[in-house]
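# Fold and contact review
Okay, here's what each chain looks like letter by letter:
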Amino acid sequence: RRKQDLVAIQSALEQYYSTNSFSYPNTDCTLATSNLKSSWPVDPGDSSPYAGISGCTSSSYCVCATMEGTALVGNSAPGCDFAGSKTHYCVANLQ
């Protein structure tokens, strides 16, 4: 479910970008909540916000979730380090 949540967050942020003069929410990614079909997703394990939610800038974002298990099943290391150890699943700005 974490991957699905992050894809939904990415979609909401990209829609926000398109409708707000080509700018992402500054500081708080949850300002894009109106572009979601439901409430803002949280980690299903402990109901905490996903990493990076408070780190949006008007030109970029990076939101990550820790993947469960010991296998390298993510697409990134923490912080959108896509060349890293693949312990997290992250989404970043497409623009």
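Predicted model only: the values in this text are computed from it and were never measured.

We now examine the nonpolar core. If you look at soluble globular proteins, the nonpolar side chains tend to sit buried side by side. In terms of nonpolar packing, the biggest core is built from 20 residues, with Leu6, Ile9, Leu13, Tyr61 and Val63 touching the most fellow members. Every element with two or more residues in this core is listed here: α1 (2-19), β1 (62-66) and β2 (88-92). Of the residues forming this core, the biggest block, six residues, is contributed by α1. Discounting residues that sit within four places of it in the chain, leucine 13 has contacts with Tyr24, Pro25, Cys29, Ala32, Cys56 and Tyr61.

Moving on: the environment of tyrosine 50. Position of tyrosine 50 among the secondary structure elements: in the loop between α1 and β1. With 11 residues separating them along the chain, tyrosine 50 and tyrosine 61 place their C-alpha atoms 12 Å apart. Here the side chain of tyrosine 50 touches valine 42 through a polar contact of 3.4 Å, landing on its backbone oxygen.

Criteria and thresholds
- Each chain has its residues counted from 1, running along the sequence as written.
- Totals for whole chains, interfaces and linings use every residue, but because this is a predicted model, local features are given only for residues with pLDDT of at least 70 and side-chain atom pairs only at 80 or more, for both listing and counting.
- Note: side-chain values were computed over all heavy atoms of the structure, leaving out hydrogens and water.
- Nonpolar cores were defined as sets of buried Ala, Val, Leu, Ile, Met, Phe, Trp, Tyr and Cys residues, with membership established by side-chain atoms within 4.5 Å.
- Categorising residues by exposure relies on relative accessible area from a 1.4 Å probe, with only protein chains included: less than 20% of the type maximum marks a residue as buried, more than 50% marks it as exposed, and the intermediate range marks it as partly exposed.
- Put simply, DSSP H or I for four residues or longer makes a helix, DSSP E for two residues or longer makes a strand, and each gets a number counted from the N terminus.
- Every residue pair with non-hydrogen atoms within 4.5 Å of one another is taken to be in contact.
- Under this definition, polar contacts are N or O atom pairs within 3.5 Å; protein pairs additionally need one hydrogen-donor-capable and one acceptor-capable atom, and for neighbouring residues in sequence, both atoms have to be side-chain atoms.

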